[in-house]
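Examination of the molecular architecture
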Amino acid sequence: MNRPTRNAPLHTTYPPGRAMTTTDIRPTAAITVAGPASGRRRPSRGWRVAGYTALLLAAAALLLPFYWMVVASLKTNNDVFTIPIKWVPDPVVWRNYVDIWQRSDMTTWLGNTLLLSVTVTFLQLLTGSIAAYGFARIRFPGRNLLFLAYIGTIAVPWQSYMIPQFILMSKLHLSNTLWSIIALQAFGAFGVFLMKQFYETIPEELSESARVDGLTEFGIYRRIMLPLSRPALASLALITFVTTWNDYLGPLIYLRSPDLRTIQLGLNTFISQYNAEYALIMTGSVLSVLPVAVIFLLGQRYFVEGIATTGLKG
Amino acid sequence: MATMPRTRPKRSLVWRNTIAGWSFILPNFVGFAALTLVPVVALFYLAFTNWNVFGVAEWVGTANFRRMWNDASFWTALRNTVYYAVFHIPLTLAAALGLALLLNRKLRGVAFFRTVAFFPYITSIVAIAVVWNQLFSPEYGPVNAFLRGIGIDNPPGWTTSGDWSMPAVIIVGTWRYMGYYMLLFLAGLQTIPAQLYEAAEIDGATPWQRFVNVTIPGLRHTTFFVTVILTIESFKVFDLILVMTQGGPGQSTLVLSQYIYQKGFVESQFGYASAVSIVLFALCFGVTLIQFLANRRGER
């Protein structure tokens, strides 16, 4: 966030030259989110001032909650709500960041969440990228209908079928184990959709010539498609990781034992347990957001690309 | 392909492709079918049973739906869901489009702002809800401090008040999602050719006329797409409300998803909860269908 210039030329096309050398295989599904269209007249002074003012106001509104979160986490509990509001913590209380580890099971929560996020991301990449190849490159009867079923369920809210799913999961003796969350998240249609969109931008001739050279379908996937789709895999990995990390409803329904709690679940129990410890609650919130924020800032480009390509959430 | 012999080789090719295709799709499909397709289908059976936690499903016909008809809490949940959607959808559309137009101009710091706007979307609901609850705190929170500062003596009680808890949730929902939809609009704006604007300018169109006659038609597809996703997202709103207000005070923010959760997972009335789920399903499906039809008619 401190170095905005790094992200300045944000092209939301997967850079064509990156993995492939021919320039004409530019992905068609991706959309460029670059600067304003060149050749447009520079806006007048009045417009620019108005633009900056609006930008500043919007940025303030968007950032205020985060500022409050960090500042409150560094205050003593009595300083969180004062009249007038203290916008700078005085004194700065770093102790909160030590205390929280003793007063909560933060270590267990973070450990569970990390385990789940990594496993789910790995499985989603694996099964998603393989299945997408089947949809994008192999023609067989019923393929389009099957794909329609995949896409269709993206539009069906999970909330509407969580009950039958829970009954099923219980029958399989998966509820109240971490496996339930892995099963829940790892086979999503989203990954298949994103990868298929990307594969279809890779020219068919590449796989044709590989086929002539005697490569099997799996060989084509493994040796040609997978290396070429690194940017799309990165997008999918980041989106899946963050989605799993932030998931609250899945763990709420499936994970009942305290030692299985994820960070979101743990944070929420902590909030209801210590509901007057305003500063400490904010400390926990900061810690729960921090890993995702770092990952987002490092891989921001891929996030934006993934979302502009599919227009769908994870 | 026309020169290929039609009979045996063709058929064996189809077979080979079918086997190859399915073996690629299978690893994902097993999980997908078991955890998504089967539950969706089972939903339509469960809704007509009286399945409870002890698990014998007895066919009860439309009893669940008749019960729903007379269930005041259900109607409250439905009304609140629509209330949320009716305000959340246009507000988010306007905010996202406004931000996208702003970012589409030659201003400094645009890249930084794009990062900032996306931040709420990647932050977990739990953290967001707890921060906003502090910001909305009626006595000491900064939101009401600001309102008092601009001369409003009796600022609302937000999440502690039955009348104001829904607006509070709507504000937070809009704040969270506008960055995401902004990104989609921004992508849409890039597809409008610059020549159109130049031509409009030469013809003497004012900025407003350019917006109405070039930008809005140019964004047609994006707007349609965004509206569809936004609608589904609004109807299924759940975790934000569950963490922020738990449906309260009273039932002032009780929504359909939460009612399903309460009936199903708290009271273990799986059959009845499934019937409510079907209403949610039908609501999302129906509105999406209407949007698609309206869009097609508009295209003609």
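None of these values were measured; they are calculated from a predicted model.

Points about the overall build of chain B
The number of helices and strands found in chain B is 13 helices and zero strands. The order of α-helices and β-strands along chain B, N terminus first, is α-α-α-α-α-α-α-α-α-α-α-α-α. The C-alpha atoms of chain B give 25 Å as radius of gyration, which overshoots the globular expectation for 300 residues (19 Å, by more than 25%). Summarising the internal contacts of chain B: among those between residues at least 6 apart in sequence, 67% fall at separations of at least 24.

Quick word on the confidence of the model for chain B
All names here are of chain B. With 95% of its residues at a pLDDT of at least 70, chain B reaches an overall mean of 83. Here helix α2 (residues 63-69) is the element of chain B with the lowest mean pLDDT, 81, and helix α3 (residues 72-103) is the one with the highest, 90. Long-range and interchain partners of residues 1-5, a stretch whose pLDDT sits below 50, account for two contacts in this model, where long-range means more than four residues apart. Note on the complex model: pTM 0.82, ipTM 0.82.

Brief notes about the domain arrangement of chain A
All names here are of chain A. Each domain of chain A was delimited in the assignment, giving domain 1 (46-93) and domain 2 (100-310). Centre-to-centre separation of domain 1 and domain 2, based on C-alpha positions: 33 Å. The partner domain 2 presents seven residues to the nine residues of domain 1 that form the contact. When the residues that make up the side of domain 1 that touches domain 2 are grouped by side-chain class, the tally is five nonpolar, three polar and one charged.

Quick look at the environment of Glu201(B)
Among the structural elements, Glu201(B) can be located in helix α8 (residues 194-202). Sequence separation of Glu201(B) and Ile216(B) is 15 residues, and the distance between their C-alpha atoms is 16 Å.

Side note on the packing of α8(B) against helix α9 (residues 207-218) of chain B
All names here are of chain B. Taken N-terminus to C-terminus, the directions of α8 and α9 make an angle of 145°; their axes are 10 Å apart at the nearest point. For the pair α8 and α9, the crossing hand works out as right-handed. Where α8 approaches α9, its residues Leu196, Tyr197 and Ala200 are matched on the opposing element by Arg210, Asn213 and Val214.

Looking at the packing of helix α4 (residues 106-137) of chain A against helix α11 (residues 230-246) of chain A
The relative placement of two packed helices comes down to the angle between their axes together with the axis-to-axis distance. Residues and elements named next belong to chain A. Between α4 and α11, the shortest axis-to-axis distance is 9 Å and the interhelical angle comes to 140°. Read as a crossing pair, α4 and α11 show a hand that is right-handed. Two secondary-structure elements touch here, α4 through Thr113, Leu116, Ser117, Val120, Thr121, Gln124, Leu125, Gly128 and Ser129 and α11 through Leu233, Leu236, Ala237, Thr240, Phe241, Thr244 and Trp245. In terms of residue class, the contact of α4 with α11 is built from eight nonpolar, eight polar and no charged.

Points about the interface of chain B and chain A
Facing the 78 residues of chain B at the interface are 87 residues of chain A. The element best represented in the side of chain B that touches chain A is helix α1 (residues 8-46) of chain B, accounting for 21 residues. Per-class residue counts for the side of chain B that touches chain A are 54 nonpolar, 20 polar and four charged.

Quick notes on helix α2 (residues 45-73) of chain A
The end-to-end C-alpha separation of α2(A) is 41 Å, in line with the 42 Å expected for 29 residues at 1.5 Å each. Its maximal kink placed at Leu63(A), α2(A) deviates by approximately 40°, while the proline Pro65(A) follows within four residues. Within the sequence span of α2(A), burial applies to Leu55(A), Ala58(A), Leu62(A), Pro65(A), Phe66(A), Trp68(A), Met69(A), Ala72(A) and Ser73(A). Residues of α2(A) that are buried make contact with α3 (96-103) and α14 (278-298) of chain A together with α3, α4 (110-122), α5 (125-135) and α6 (142-149) of chain B.

About the thresholds
Residues numbered from 1 in each chain as written. Chains lettered and ligands numbered in written order. Predicted model: local features only at pLDDT ≥ 70, side-chain atom pairs only at ≥ 80, totals over all residues. Helix = DSSP H or I, 4+ residues; strand = E, 2+ residues; numbered from the N terminus. Rg over C-alpha atoms; globule rule 2.2 N^0.38 Å. Contact = placed C-beta atoms within 7 Å. pLDDT = per-residue confidence, 0-100. Domains from an automatic or database assignment. Nonpolar A, V, L, I, M, F, W, Y, C, P; charged D, E, K, R; others polar. Axes fitted to C-alpha atoms, helices over the stretch in contact; angles between N-to-C directions. Left-handed = near helix turned anticlockwise from the far one by under 90°. Expected span 1.5 Å × (residues − 1). Bend = angle between axes of the 7 residues up to and from the residue. Buried ≥ 20, exposed ≤ 12 C-beta atoms within 10 Å, placed from the backbone.

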